[in-house]
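Chains, contacts and geometry: an overview
Listed below, chain by chain, are the residues.
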Amino acid sequence: MKISYNWLKQFIKINWTPEKTGELLTDLGLEVEGIEAFQSVKGGLEGIVVGEVLTCVQHPNADRLKVTTVNIGEVEPLQIVCGAPNVGAGQKVPVATIGTTLYTAEGESWEIKKGKIRGEASHGMICAEDELGLGTSHDGIMVLSEDLKPGTLASEIFDVENDHVFEIGLTPNRADAMSHYGVARDLKAGFLQNDIHSELITPSVSAFHVDNRTLKVDIEIESKKLAPRYCGVTISGIKVQESPAWLQNRLKAIGLTPKNNVVDITNYVLHELGQPLHAFDATKITGNKVVVKTLPTGTKFKTLDGIERELHEDDLMICNAEKPMCIAGVFGGEDSGVTEGTTSIFLESAYFNPVSVRKTAKRHGLNTDASFRFERGIDPNITEYALKRAALLIVELTGGKISSDIMDFYPKKIDDFQVRLTFDHVNKLIGQEIPKDTIKQILTSLDIKINNVTEAGLGLTIPAYRNDVQREVDVIEEILRVYGYNNIETTEKLNASISNSSRFEDYKLQNVVGNQLVSQGFYEILSNSLTTPEYSELSEQLKEEQQVKMLNPLSNDLGVMRQSLLFSGLEAVSHNINRRRDNLKLFEFGKTYFDFGGKREEFKKLSVLVSGDKLQERWNAAAKPSDFFFLKGTVTAILSRLGLNKFKVSPFKNDVFSEGISLSIGKTTLVEFGLVKKSILKKFGIDQHVLFADFNWDHVLDMAKHNKVAYTEIPKYPEVRRDFALLIDEHVTFEDIDKIASQTEKVLLKDVDLFDVYQGSNLPKGKKSYAVSFTLQDEKKTLTDKQIDKIMSKLQTNFEKQLGAELR
């Protein structure tokens, strides 16, 4: 938000420098992010002087150029080549001397240099008004008053305003400070804490009166909840033209482009008082009637930017007797605004429901100065005052007449807030005792009325425009920001407490797993918990009725809370691939959100995504693509790091994975992982394989906490390894072999491993060969050949009986 220093001085007397004032504003919670100098004429006419054209002759080498000699108050006159058709001897003209910087209308700068034009020396430039920033005409040079003395500085002739503009990073809760008057109100409170007593200077509207009653426009409010207050007045006999310089300068200083005197006044009052206004061409109000209502969904309406929009049934509209004219509090219509031919207007000032305005603005992708203020909540009690202020300015600058009484529809007054403040709570929350008189002084300076005073505290009435101050803690915050955070002393005593923390705390295990993944080349990502509701269509597991929907979404793409980390992860994968980062290893800790029939639940998740090559190409090795087993190794390594090794492996398929495996302990599923289906990847524009693991982090945490670690001595006796080459049916899995082996020998068998798989023409049809190793060990003695042979014989027999296996 931009605030003009000169404009601010119209409301409060300030003798401080802009820098010092900016520091106070920041201390008051209105953070000044920067201060920029502003000049109504860019460059301030520096280097421009009055010159008198002594001679003017035809250029010997150019038909359209003249060679002049110009007296600029120095010893010798300057020779200047000029191409303007109206230059002549005896004229007083503005001259840009050598070294002067001029600016184009777009703000680009260029310097006047000594040079030759078609062979004739030129030591300056006689300027047109657009070259100086004093107008738009380029028909010829500016001809000044004959009374001016050569050498006079142009900055002394023309009214160049120098200003400083504060760029304030306004927080959303400070709706009261969205105007110059609001900022001045805060400065008054801040000055008082610095023993400077200043009064707010408010523009007077006592001169407001009705000139005639010849133009009546009836007002009908159908949607009273969406428009709690609505005021209007008509003004006739106006002349729409360019605004005076002072008004243009005020708007230009804060980055607004002047339009015409009527529109500029509505913008001026908006930034002066914080009250949005809208002016309608009265001749375009069919039936001389304004109706404030909603319209059916799908109604077409063309806004000022020329875009035809489809209205929603909740959009509040300002209509005439036949059709809509304006989206209330957001944007005007193309056919009802003020033009150069407008001679009478209906001026609107209203208080619209903040939530309604915000939803409408977001639905249509509009963000205007008016909606910015309405959706945060303006002062409902200055609606009529701001209307009078604007009406008086319009009468003054357009020559119009007020042609109706003010119509003010305010059926239910918006009440102020009642808050009870206790001194003990103030001191306890701030951590330092503030004198009671100081507290009262601060509250009074903030327009907070003190109703009653007791030893324990105060009964307060908070004005309605402070919609962010409705609780005792809010009042304490107001006291603290005006008193000054820098004035709160820091205690010399340092207190610290030590709490017992389990090594299985969520954040600790996240760090353990995160560090492990990073050491393996993974990158952590953080994605938005808000996502598009359309993702639920990509999986039958995600149901639309279980979505947690936002009441007031920032956009349609951020309308619901996510139900899976997969899709936000695929957005990151797609983003990187589109920037030529094809080899990706990503992980994210996050939450998913569900609404089970009104009962909302959150689930903690860990997602792992792998795509592209796991090893890049090197001079001594080819690139190795990521595969299912790479992801499986990563997943099992995570569980192993947390002491979870005895899990069940179960293959599965669903509408997300074309191939997948789940790992579980008992009936508790820890993780599901596999290859994401191409149909889903296509939605994100991804052409390469993506592997995804979805950990139920809540279950992993619970299992890790209850997992008991047993410590044993390193065995003194050696291991023995024996191998089988088994010919088995194609449908038999290694899991089947491992399960039978474990059941056959539960004590001495320590490990079973698959180290070779063969399928080929040398084997019978429907068969495959597994090379399996068995590791045996007795921790109390050395195994004998007889014991080993007996165990291997049992294993062979069971494999033959249960799997139909044969030894090769």
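Residues numbered from 1 in each chain as written. Predicted model: local features only at pLDDT ≥ 70, side-chain atom pairs only at ≥ 80, totals over all residues. Heavy atoms only, no water.

**A word on the overall build of the protein**
Check the secondary structure of the protein and you find 20 helices and 42 strands. Once the C-alpha set of the protein is aligned to its principal axes, its extents read approximately 130 × 85 × 70 Å. In the protein, 69% of the contacts between residues at least 6 apart in sequence involve partners at least 24 apart. Of the roughly 42400 Å² of accessible surface on the protein, 47% is carried by carbon and sulfur atoms. (Helix = DSSP H or I, 4+ residues; strand = E, 2+ residues; numbered from the N terminus. Contact = heavy atoms within 4.5 Å. Areas by Shrake-Rupley, 256 points an atom, 1.4 Å probe, with all protein chains shown as cover.)

**What to know about the sheet that holds strand β1 (residues 2-4)**
Read across the sheet, 3 strands follow the order β1-β12-β2 without closing on themselves; strand pairing throughout is antiparallel. Each having just a single partner strand, β1 and β2 (31-39) make up the two edges of the open sheet. The sheet shows a mean angle of 25° between the axes of neighbouring strands, direction not considered. Packing against the sheet, helix α6 (residues 245-253) makes contact with β1, β2 and β12 (162-169), and its axis sits at approximately 140° to β2. (Pairing = 2+ DSSP bridges. Axes fitted to C-alpha atoms, helices over the stretch in contact; angles between N-to-C directions.)

**Comments concerning the packing of aromatic side chains**
The full count for this structure, using the stated rule, is 22 aromatic pairs. Taking the centre distance of 6.4 Å and the plane angle of 50° together, the rings of Tyr230 and Phe352 count as tilted. Taken as a pair, Tyr230 in strand β14 (residues 229-236) and Phe352 in the loop between β22 (344-351) and α8 (354-363) lie far apart in primary sequence, 122 residues in all. Phe352 carries the same exposure label as Tyr230, and that label is buried. Here the aromatic rings of Trp246 and Tyr268 are separated by 5.6 Å at their centres, their planes lie at 85°, and the arrangement is edge-to-face. Taken as a pair, Trp246 in helix α6 and Tyr268 in helix α7 (residues 261-273) lie far apart in primary sequence, 22 residues in all. Judged by relative accessible area, Tyr268 falls into the buried class, the value being 1%. Among the aromatic residues, ring-to-ring pairing joins Trp7, Trp246 and Tyr268 into one connected group. Cation over ring: Lys42 sits above Tyr103, and NZ or CZ is 5.1 Å from the ring centre. The side chain of Lys585 reaches across the aromatic face of Phe522, ending 5.8 Å from its centre. (Phe/Tyr/Trp six-rings, centres within 6.5 Å; stacked < 30°, edge-to-face > 60°. Buried < 20%, exposed > 50% of the residue type's maximum accessible area, 1.4 Å probe, protein only. Lys NZ or Arg CZ within 6 Å of the ring centre and 35° of its normal.)

**A look at the packing of helix α19 (residues 734-744) against helix α20 (residues 785-803)**
The geometry of a pair of packed helices is captured by two quantities: the angle between their axes and the separation between those axes. Direction vectors running N to C along α19 and α20 enclose 130°, while the axes themselves pass 10 Å from each other. Here α20 runs oblique to α19, going by the angle between their axes. For the element pair α19 and α20, the recorded crossing hand is right-handed. For the pair formed by α19 and α20, the contact residues are Asp736, Ile737, Ile740, Ala741 and Thr744 on the first element and Lys794, Leu795, Asn798, Phe799, Gln802 and Leu803 on the second. By residue class, the composition of the contact of α19 with α20 is 6 nonpolar, 3 polar and 2 charged. (Parallel < 35°, antiparallel > 145°, perpendicular 65-115°, else oblique. Left-handed = near helix turned anticlockwise from the far one by under 90°. Nonpolar A, V, L, I, M, F, W, Y, C, P; charged D, E, K, R; others polar.)

**Things to note about a negative patch on the surface**
Together, Glu534, Glu537, Glu544, Glu545, Asp557 and Glu571 line one region of the surface with negative charge. Positionally, Glu571 belongs in helix α15 (residues 566-577). (Patch = residues over 30% accessible without salt bridge, like charges linked within 9 Å, V, L, I, M, F, W, Y side chains within 5 Å. Salt bridge = Lys/Arg side-chain N within 4 Å of Asp/Glu carboxyl O. Lys, Arg positive; Asp, Glu negative; His and termini not counted. Charge placed at Lys NZ, Arg CZ, Asp CG, Glu CD.)

**Observations regarding the sheet that holds strand β21 (residues 331-332)**
In space, the 5 strands of this open sheet follow the order β13-β16-β19-β20-β21, with mixed pairing throughout. Strands with a single pairing partner mark the edges of an open sheet, and in this sheet they are β13 (218-221) and β21. Looking at chain direction, strand β16 (residues 289-294) and strand β19 (residues 316-319) are connected through 4 bridges and run antiparallel. Residue Thr294 lies in a different strand from β19, and its bridge partner there is Leu316.

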